[in-house]
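# Structural overview
In case you want the letters, here they are:
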Amino acid sequence: MSDTRILVIGACGQVGTELVENLALRFGNQNVIASDIRDEASFDVEYIKLDVLDREKVRDVVVSNQITEVYHLAALLSATAEKHPEFGWKLNMDGLFSVLDLAKEGLLKKVFWPSSIAVFGPTTPRENTPQRTVIEPTTVYGISKFAGERWCEYYHNRYGVDVRSIRYPGLIGYKSLPGGGTTDYAVDIFHQALKSGTYECFLNADTSLPMMYMSDAVKATIDIMQVPTEQIKNRSSYNISAMSFNPAEVTEEIRKHHPNFTISYAPDERQKIAESWPASIDDEEARQDWGWNHEYDLPKMVNDMLHNLEKLHFSNSN
Ligand code: SER
C-alpha cells in the first residue's frame, strides 16, 4: 500500500489530464485526487471542485484527505495572461503561495510546480540556452514563472520545503488540448491536418521553439518527484529539453504521412512572444542530477500523434 496521497490542482488542463492518469496507475486510483475549477470532470479518480485561490478550501482538502504531495498546475499561460495581466499575476503567484504555505506548515511532504521556457527573454542566448543565464522575461506569464522559481528556492532554503520544478517547453499531446499558450500551434496543426488538410499558423515558418511530447513531460514530472531529495540540487527550476523545431519543419514531417497537407502563415501577437523565447535548451543539469532522458524526437512524436489522433477521429466518426 502506498502512503503517498496526491492532490493535482489544475487537473483539467493539458498536463493534468495525462498526469492524473499516470499518477493513478503508479500510486493507485484511491491515492490520487484531481481538482480544478470546473463543476464536474471525468476522471477515474475522485474529482473535487477547487479554486487554488481559495486558501481555506485548499487547506481543508489537503487536511481532510491526508494529502502528502501536491502537483500544482493551475496557471494562466502566456497568451491568455497577456490579455488579463492582473489576473494572470494573481492566479500564478497567489496560487503558488497557497500551496507553498501549506508545505511550510508541514502539511505537505512534497510539492511539484512547473515553470516554463517563458522565464527567458529577448536578452537570453537563444541557442542551447543554459540553466543559468540572463533572465529578463517580457510576458506576465514569464515574470510570474520567474518570480515563482525564486520563491520556490526561498521556501526550500528558508523553511525546508521540498519543492521540485521543471521548465516545461511547448507540450504536445493527443489526449488533451492546450489553452492559451504560444506553443499551442504545435498541437492545433495535427488536428487541422487530419480534419481539413490545411492549417493557418499564427507563428512564422522559421520560428523555432523547444518542444516535448506529453508522455516525456509526464515522465519528467513524475521522475523528478521520485528521486531522493539530495539529488535535487536546483530548487528553483530545471531546464529540460527533448526537441526543437519550427512550423515549417513539423509541416515537412507531417507531409511524410500526409503529402497533401498544406500550411499558410498569419503571425499574430504570439509571434513576438515566441521570438523572445529560446530556440533550444541545454538541460545537462537535469540529465546529471536526476537522470532526465527524453524518448521522443520530432519524427517519433509526429508518427505517434498522427497514429493516435487518426484512431480517435476514426472512432468518433463511427
Ligand atoms: N506552452 C507555454 C505557453 O506557450 C509555455 O510554457 O505559454
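Thresholds applied
Residues numbered from 1 in each chain as written. Predicted model: local features only at pLDDT ≥ 70, side-chain atom pairs only at ≥ 80, totals over all residues. Heavy atoms only, no water. Helix = DSSP H or I, 4+ residues; strand = E, 2+ residues; numbered from the N terminus. Rg over C-alpha atoms; globule rule 2.2 N^0.38 Å. Buried < 20%, exposed > 50% of the residue type's maximum accessible area, 1.4 Å probe, protein only. Contact = heavy atoms within 4.5 Å. Areas by Shrake-Rupley, 256 points an atom, 1.4 Å probe, with all protein chains shown as cover. Axes fitted to C-alpha atoms, helices over the stretch in contact; angles between N-to-C directions. Parallel < 35°, antiparallel > 145°, perpendicular 65-115°, else oblique. Left-handed = near helix turned anticlockwise from the far one by under 90°. Nonpolar A, V, L, I, M, F, W, Y, C, P; charged D, E, K, R; others polar. Pairing = 2+ DSSP bridges. Near = heavy atom within 4 Å. Polar contact = N/O pair within 3.5 Å; in protein donor to acceptor, adjacent residues only side chain to side chain. Patch = residues over 30% accessible without salt bridge, like charges linked within 9 Å, V, L, I, M, F, W, Y side chains within 5 Å. Salt bridge = Lys/Arg side-chain N within 4 Å of Asp/Glu carboxyl O. Lys, Arg positive; Asp, Glu negative; His and termini not counted. Charge placed at Lys NZ, Arg CZ, Asp CG, Glu CD. Phe/Tyr/Trp six-rings, centres within 6.5 Å; stacked < 30°, edge-to-face > 60°. Lys NZ or Arg CZ within 6 Å of the ring centre and 35° of its normal.

## Topic: the overall build of the protein chain
Tallying secondary structure elements over the protein chain gives 11 helices and 14 strands in all. By the compact-globule yardstick of 20 Å for 318 residues, the protein chain fits well, its C-alpha radius of gyration being 19 Å. Seen along its three principal axes, the alpha-carbon backbone of the protein chain occupies a region of about 55 × 50 × 40 Å. Taking all 318 residues of the protein chain together, the buried fraction comes to 56%. Nonlocal contacts in the protein chain, meaning residues at least 24 apart in sequence, comprise 77% of its contacts between residues at least 6 apart. When the accessible area of the protein chain is evaluated, it comes to approximately 13600 Å², of which 48% is carbon and sulfur surface.

## Structural notes on the environment of Leu-23
Within the secondary structure, Leu-23 is located in helix α1 (residues 14-27). Take Leu-23: its relative accessible area is 0%, and that puts it in the buried class. Taking C-alpha positions, Leu-23 is 23 Å from Gly-106, a pair spaced 83 residues apart along the chain. If we skip the residues at most four places from it in the chain, Leu-23 touches Ile-6, Val-8, Gly-28, Val-32, Tyr-71 and Ile-222.

## Some remarks on the packing of α1 against helix α7 (residues 214-226)
Where α1 contacts α7, the axes come no closer than 10 Å and their chain directions differ by 55°. If you check the angle between α1 and α7, you find them oblique. Crossing hand, α1 versus α7: right-handed. Touching Gln-14, Val-15, Glu-18, Leu-19, Asn-22, Leu-23, Arg-26 and Phe-27 of α1 are Met-214, Val-218, Thr-221, Ile-222, Asp-223 and Gln-226, all from α7. Here the residues of the contact of α1 with α7 sort into 7 nonpolar, 4 polar and 3 charged.

## Comments concerning the sheet that holds strand β9 (residues 170-172)
Across the sheet, which stays open at both edges, the 3 strands sit in the order β9-β11-β13 with mixed pairing between neighbours. Strands with a single pairing partner mark the edges of an open sheet, and in this sheet they are β9 and β13 (243-245). Each strand axis lies, on average, 45° off the axis of its neighbour in the sheet, ignoring direction. Taken together, the 3 bridges between β9 and strand β11 (residues 209-213) define a ladder with parallel strand orientation. Of the residues in β11, the one forming a bridge with Leu-171 is Met-212. Those strands touched by helix α6 (residues 185-195) are β9, β11 and β13, and its axis lies near 25° from that of β9.

## So, the site of the ligand
Every residue lining the ligand is accounted for by Leu-77, Ser-78, Ser-116, Tyr-141, Tyr-168, Gly-181, Thr-182, Thr-183 and Trp-277. Between Ser-116 and the ligand, the recorded distance is 2.6 Å, taken from a side-chain N or O atom to an oxygen atom. Measuring from an oxygen atom of the ligand, one finds a side-chain N or O atom of Tyr-141 at 3.3 Å. Coverage of the ligand by the protein chains reaches 94% of its 230 Å² of free accessible surface. Its residues assigned to classes, the shell around the ligand comprises 4 nonpolar, 5 polar and no charged.

## Section: a negative patch on the surface
Together, Asp-51, Asp-54, Glu-56 and Asp-60 make up a region of like negative charge exposed at the surface. With respect to the helices and strands, Glu-56 occurs in helix α2 (residues 55-64).

## Thoughts on the packing of aromatic side chains
Evaluated as defined, the whole model comprises 13 aromatic pairs. Ring geometry for Phe-112 against Tyr-168: centres 6.3 Å apart, planes inclined by 50°, an arrangement best described as tilted. Placement of the pair is Phe-112 in strand β5 (residues 110-112) and Tyr-168 in strand β8 (residues 166-168), with a sequence separation of 56 residues. Its relative accessible area of 0% is what places Phe-112 among the buried residues. Ring centres of Trp-151 and Tyr-154 lie 5.4 Å apart, and the angle between their planes is 75°; on these two criteria the pair is classed as edge-to-face. Of this pair, Trp-151 and Tyr-154 both sit in helix α5 (residues 140-159), 3 residues apart, which is roughly one turn of that helix. Judged by relative accessible area, which is 34%, Trp-151 ranks as partly exposed. Owing to a relative accessible area of 35%, Tyr-154 belongs among the partly exposed residues under this scheme. Joined through ring pairs, the aromatic side chains of Phe-97, Trp-151, Tyr-154, Tyr-155 and Tyr-159 make up one cluster. Across from the ring centre of Tyr-159, 4.4 Å away, lies the NZ or CZ of Lys-104, which sits over that ring. Above the face of the Tyr-296 ring, Lys-300 is positioned so that its terminal group lies 4.9 Å from the ring centre.

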